[in-house]
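So you can see what is in the structure, the chains are spelled out below.
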Amino acid sequence: MQTPGSRAVGGLVMAVALLNACTSGAPHSRSQEAQSPTAPPVADFKPMPPPPQPPSPVAVNVTGYAPPAMAPEAARSRLMMPPPVGLPYQAPDTAKYESYADNPWQRVAEQPVSTFSASVDTGSYANVRRFINRGQLPPKDAVRVEELVNYFGFEDSGPSPDARDPFKVRAQVIASPWRTDRGLIRITIKGKDVAKATLPPANLVFLVDVSGSMSPQDRLPLVQSGLKLLTAQLRPQDRVSLVTYASGSQVVLPPTPGDQKDRINQAIDQLRASGGTYGEGGIRLAYAQAREGLIKDGINRVLLATDGDLNIGVTDPLILKALVEEQRKHGISLTTLGVGDSNYNEALMKRLADVGNGSYHYLDSLQEAHKVLVNEMTSTLAVIAQDLKLQVEFNPSTVQEYRLIGYELHALKREDFNNDQVDAGDIGAGHQVTALYEFIPKGAKGTVDPLRYGAEGDQGGKGGRGSKDGKGEDAGATSSARGNARSNELAWVKLRYKQPGEERSQLTELPVERPASLPTVSSLDADARFAVAVAAWGQWLRGSSLIGDYGPAQFVKLARESRGEDRYGHRAEFARLAELSATLKQ
């Protein structure tokens, strides 16, 4: 009788015999295998030497994860193995941000006028927040100071805008907190708000990128949740279409009344991510849907949600920009909602929104989607003023130098201010815009040497030295005389804008009065103090040398002391982010 042990040994003997037979160089068949001699005893078995090992393959860092050295067997099956448990997927970083340099100091005697387009974009703040919450400092070009400041609302106790003036403008003068011998001018624009119930009917097209790069949880699933939040706000008179693009483009939902929320939500829920990114086709199809459902005197807008990673069809940003510019002539605006990280094309998202008479936002969480699409729904959808431009002329009798903080990507030529054909930013209902200038008073130590051959009386080319104005007087001398006569003014602020649907612009002007002494930041209202804190943080994040040693110890304290009511907790969150960024920078 065989014992279990003897059976095991016998099985091993047979296995060895088969192995030797299989590795023999002689051909064999089933009949030959049956006639093979009895295998030698186990004691006589000598294992075959292992085959020569190939050199370790060079690891190709496809995912961004560099694997440790591994056995040859594992190396040969490397491409079939899942990533090791616990190691996150890291895609190659191909994110695109538009590069720019900070606005420099300008000498008033040579360049007294500053002109730029208003902007209500806030995407930079949410994107910077994403970086910091993940334990990283943002790239320098991801930080745009004006978008950080404009992320936060402010209160104003003055008279409300009326039907004739869609917004009100205010100018404040403050001592600069980082150089007390210099000053800040804070210009604020507050648009009149409109109740959701009184909004014109809306024709909205949700244009959603459903390509493979949108599959992560913080992309397509976040967009779906955000669009469902907006859907909950819609009224029966509103219409919604849903267009998607991946390797192709398609209409998922034709124009549907806003009270058919179940149908709209079902269409949103069925979206799945896969394939390439045919953004051009999706944009064309979305605008076609918007034109088909156009509502005269209503809100007609495409909301594009994507990571901007285009790879099929036209991908040239300039061509896509021209496409959007052409479509806005039909009265259809474009708002962009950016998502994603390593492959995020923010430069494209911002550029398309700017030329599409819309605004750019970044969604880093469902809370941000709620802020943009619910709390600020009227601002996001309804326009109260179009092509808003600002022009500030500084008085050479009272101001020696100035610099605009932020808005580098929105600079305009001086002559663009009066040209109604030049596009500029649109202001939505309830939108609030802040612009900050730092200035050096006349007689204080400046940063820019005067020109050796330039005449101080020649104020920025108003006719040029020795030229005459229409009255036959020296233009430079006339300008200087005007400046001396208005020594109680620091600057003159002008705004041009169009009423929605109109072709000709209107002009609003106001002076910036010169205070007897520069009030300190601590003596001003909470909104002004908070705006200064955020502007300082943005410049510090960019590594600017223009604020000297002013840093987290100062602007975090200033932010905490100027929180105000803070209904949604955004200001408290800012103070925490500023503290975290200081830790990361150290």
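None of the values given here were measured: they were computed from a predicted structure.

Draft legend 1. Here's a closer look at the sheet that holds strand 12 (residues 399-405). With antiparallel pairing, the five strands of this open sheet are ordered in space as 1-12-14-4-3. Of all the strands in the sheet, just strand 1 (106-107) and strand 3 (167-175) have a single pairing partner and so form its edges. Contacting strand 3, strand 4 (183-191), strand 12 and strand 14 (432-441), helix 14 (residues 526-541) runs over the sheet at an angle of about 110° to strand 4.

Draft legend 2. Molecular detail of the packing of helix 14 against helix 15 (residues 552-561). Interhelical geometry of helix 14 versus helix 15 gives an angle of 150° and a closest axis separation of 8 Å. The pairing of helix 14 with helix 15 is recorded here as roughly antiparallel in orientation. When the axes of helix 14 and helix 15 are compared, the crossing they make is left-handed. Counted together, R529, F530, V532, A533, A536, W537 and W540 of helix 14 and P552, F555, L558, A559 and E561 of helix 15 form the full contact between these two elements. Tallied by class, residues from the contact of helix 14 with helix 15 come to ten nonpolar, no polar and two charged.

Draft legend 3. Molecular detail of the pairing of strand 11 (residues 383-394). Most of strand 11 sits inside the fold, with nine of its twelve residues counted as buried. Direction of pairing for strand 11 relative to strand 13 (residues 425-428): antiparallel, over a ladder of three bridges. Within the sheet, the bridge partner assigned to V383 lies in strand 13 and is G428. Bridge analysis of strand 11 against strand 15 (residues 489-498) gives seven bridges, and the strand direction is antiparallel.

Draft legend 4. Focus on the nonpolar core. By size, the foremost hydrophobic cluster in this structure holds 66 residues, and its most contacted members are L204, F206, V208, L242, L388, F394 and Y437. Broken down by element, this core gets its largest block of residues, six residues, from strand 11. Setting aside residues no more than four positions away along its own chain, F206 makes contact with L227, L230, T231, V240, S241, L242, V243, I268 and L303. Counting residues in each nonpolar core, the second largest holds 37 residues, with A531, W537, W540 and F555 among its members.

Parameters and conventions
- Residues numbered from 1 in each chain as written.
- Predicted model: local features only at pLDDT ≥ 70, side-chain atom pairs only at ≥ 80, totals over all residues.
- Heavy atoms only, no water.
- Pairing = 2+ DSSP bridges.
- Helix = DSSP H or I, 4+ residues; strand = E, 2+ residues; numbered from the N terminus.
- Contact = heavy atoms within 4.5 Å.
- Axes fitted to C-alpha atoms, helices over the stretch in contact; angles between N-to-C directions.
- Parallel < 35°, antiparallel > 145°, perpendicular 65-115°, else oblique.
- Left-handed = near helix turned anticlockwise from the far one by under 90°.
- Nonpolar A, V, L, I, M, F, W, Y, C, P; charged D, E, K, R; others polar.
- Buried < 20%, exposed > 50% of the residue type's maximum accessible area, 1.4 Å probe, protein only.
- Core = buried A, V, L, I, M, F, W, Y, C linked by side-chain atoms within 4.5 Å.

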